[in-house]
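Given next are the chains, with one letter for each unit.
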Amino acid sequence: MWKGVGTPADSYYQVRPDCSTDVPQSKFRIKAGRTLSARKWHAAFSTEGYLDIGKVLSRIQRGGVHPSIRGEVWEFLLGCYDPNSTFDEREQIQQRRRVKYALLKEDCRQMFPLVGKGKFVTAPIITEDGEPIREPIVLQQINIDDEPAPHTKWNDASSSEMPKLSNGRVSKDKKEIQWKLVLHQIGLDVVRTDRTLVFYEKQENLSKLWDILAVYAWFDSDVGYCQGMSDLCSPMIMLLEDEADAFWCFERLMRRLRGNFRCTGNSIGVEAQLGNLASITQVIDPKLHQHLETLGGADYLFAFRMLMVLFRREFSFGDSLYLWEMMWALEYDPDLFSTYEEHELTKENSERSKGKVKLRRQCGKFERENLRNGGKNDAAPLPISVFLVASVLKDKSSKLTEARGLDDVVQILNDITGSLDAKKACSGAMKLHKKYLKKSKHA
């Protein structure tokens, strides 16, 4: 339902009363004529279901997406569905994905019966050798059917009085051991994620978040689970009612970001993005880059959090979602879907997608700039998120060049929490991107 001109986005994501003074207020306002409304969204589809993605991108870039349709719009922005598909084709794909998720979840449940039971663990359940841990807190959390009486004291109970460990077998498979070792870390992060929101007062929503992250850690074992992923997954659960749909939307987001979370030896993938950030800053603000180098910040680790969780800490919840959809609309590439899901298309739809020439109006502004300046010739085009961080550094350049140490740099960046404007940040990123491409071209 349209709530009128100028409605704050945060009004759709209720904050717990006891946290209201600690949460930054939303700067994003839902504006008629600018924000993509439910009416405009539905009007963008043909009778068969083809979506005029160019029109949609233009509207999102002007004013974001109305919260009431955010989930379904995101599925297109992230490449879950091809705008060239019909309603029937998308329904078939959705059903296949739901079945696939159910099978993945069942595989996980067979290994650890707590999956899908509306519970989760916050204590380690196995040793690194795969041996079950039988400490009282673990036994209490892992037990499904025989909950202990409230007065039971585990330290006084004999082993025969303790509940039976539902998964007492020794894990031998390396992949399974690795998966089980992260389950408690997922639980610890789940209870810390977006706890200022009323939505997460419900145990069922917390357990849904845990289930999705646990299944993803098994599904993508090369990445598994890392801290920060719960922040990226949380909005999906709030926006998409069906758990399987939320999982696949999160999975599409991770396809873009999984490189940041991959660990090899002593390095983590996000270091490559931090290196890109350093290169961009060196080109657009040499003085700032030199000062940061002098302070010992050449690795740009102070910007680690911004890139890992896409500014979730720097914006209010509603504003961070607005920022994300602005980013995805700006860098939208119509090839995204055919790259991800061509094997799921019907033959007819596959041929239709292949035969369609990529039109610039179907691309986001950021993507169009890449095409215009040859930025896509690079093996790995830089994402807009790196330019967003660069624009924040540029905006705070005068303060940062006065910093006397890295602690000052961190403090300056921490002080921006809640004060950033998502639309201005995107506008700044676009300007820097254009400037960077031109300077790089003539370098």
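Cut-offs applied
Residues numbered from 1 in each chain as written. Predicted model: local features only at pLDDT ≥ 70, side-chain atom pairs only at ≥ 80, totals over all residues. Heavy atoms only, no water. Helix = DSSP H or I, 4+ residues; strand = E, 2+ residues; numbered from the N terminus. Buried < 20%, exposed > 50% of the residue type's maximum accessible area, 1.4 Å probe, protein only. Salt bridge = Lys/Arg side-chain N within 4 Å of Asp/Glu carboxyl O. 1 Å grid on protein atoms, 1.4 Å probe; cavity = no way out; pocket = protein on both sides within 12 Å on 5 of 7 lines; lining within 4 Å. Points joined across faces, edges and corners; volume = space filled by probe spheres on them. Nonpolar A, V, L, I, M, F, W, Y, C, P; charged D, E, K, R; others polar. Patch = residues over 30% accessible without salt bridge, like charges linked within 9 Å, V, L, I, M, F, W, Y side chains within 5 Å. Areas by Shrake-Rupley, 256 points an atom, 1.4 Å probe, with all protein chains shown as cover. Lys, Arg positive; Asp, Glu negative; His and termini not counted. Charge placed at Lys NZ, Arg CZ, Asp CG, Glu CD. Phe/Tyr/Trp six-rings, centres within 6.5 Å; stacked < 30°, edge-to-face > 60°. Lys NZ or Arg CZ within 6 Å of the ring centre and 35° of its normal. Axes fitted to C-alpha atoms, helices over the stretch in contact; angles between N-to-C directions. Left-handed = near helix turned anticlockwise from the far one by under 90°. Contact = heavy atoms within 4.5 Å.

If you check an unreviewed UniProt entry, the protein appears there as Ypt/Rab-GAP domain of gyp1p superfamily protein from Perilla frutescens var. hirtella.

*Asks:* What is the right way to look at the overall build of the protein in this model?
*Replies:* Broken down by element type, the protein carries 20 helices and four strands. Buried positions account for 54% of the 443 residues belonging to the protein.

*Asks:* What am I meant to see in the pattern of salt bridges here?
*Replies:* In a structure, side chains of opposite charge can pair up when their charged atoms sit close to one another. Across all of its chains, the model carries 19 salt bridges by this definition. Of the charged contacts, one joins Arg258 and Asp220 as a salt bridge, the two residues approaching to 2.8 Å between their closest N and O atoms. You can see Arg258 sitting in helix H9 (residues 243-261) and its partner Asp220 sitting in the loop between helix H7 (203-219) and helix H8 (229-239), a full 38 residues away along the chain. Judged by its relative accessible area of 22%, Arg258 falls in the partly exposed class. What emerges from the salt-bridge pattern is a single network uniting Arg16, Asp18 and Glu201.

*Asks:* How should the layout of surface pockets be read in this particular structure?
*Replies:* It is the rolling of a water-molecule-sized probe over the atoms that shows where space remains empty. Counted as a void, the second largest pocket has a volume near 430 Å³. If you go around the second largest pocket, you meet 20 residues; those closest to its centre are Arg192, Asp194, Asp231, Arg312 and Arg313. A class-by-class count of the residues in the lining of the second largest pocket yields five nonpolar, seven polar and eight charged.

*Asks:* What should I look at first to understand a positive patch on the surface in this one?
*Replies:* Residues Lys27, Arg29, Lys31, Arg34, Arg39, Lys40, Lys55, Arg62 and Lys424 make up a contiguous surface patch of positive charge. Counting residues per element, the ones that place at least two in the positive patch are helix H1 (38-43) and helix H2 (53-63). Mapped onto the secondary structure, Arg39 falls in helix H1.

*Asks:* It is not clear to me how the environment of Asp407 should be interpreted in this structure. Could you clarify?
*Replies:* Inspection of the secondary structure assignment puts Asp407 in helix H19 (residues 406-414). We classify Asp407 as exposed; its relative accessible area is 66%. Measuring from C-alpha to C-alpha, the distance between Asp407 and Leu295 comes to 9.8 Å, with 112 residues separating the pair along the chain.

*Asks:* What exactly am I supposed to notice about the packing of aromatic side chains here?
*Replies:* Both the distance between ring centres and the angle between the ring planes are used here to describe each pair of aromatic rings. Tallying each qualifying case throughout the model produces 24 aromatic pairs. On the basis of an interplanar angle of 35 degrees and a centroid distance of 5.2 Å, the ring pair of Tyr300 and Phe302 is categorised as tilted. Among the residues examined, Phe302 registers a relative accessible area of 16% and is labelled buried. Lying across the ring of Trp218, Lys175 places its NZ or CZ 4.0 Å from the centre.

*Asks:* Any chance you could explain the packing of helix H3 (residues 70-77) against helix H13 (residues 317-330) here in plain terms?
*Replies:* The angle between the axes and the distance between the axes are what describe a pair of packed helices. Where H3 meets H13, the axes come as close as 10 Å, and the angle between the chain directions of the two elements is 35 degrees. When the axes of H3 and H13 are compared, the crossing they make is left-handed. Contacts between H3 and H13 pair Arg70, Trp74 and Leu77 from the former with Gly318, Leu321, Tyr322, Trp324, Glu325, Trp328 and Ala329 from the latter. Of the residues belonging to the contact of H3 with H13, the class tally is seven nonpolar, one polar and two charged.

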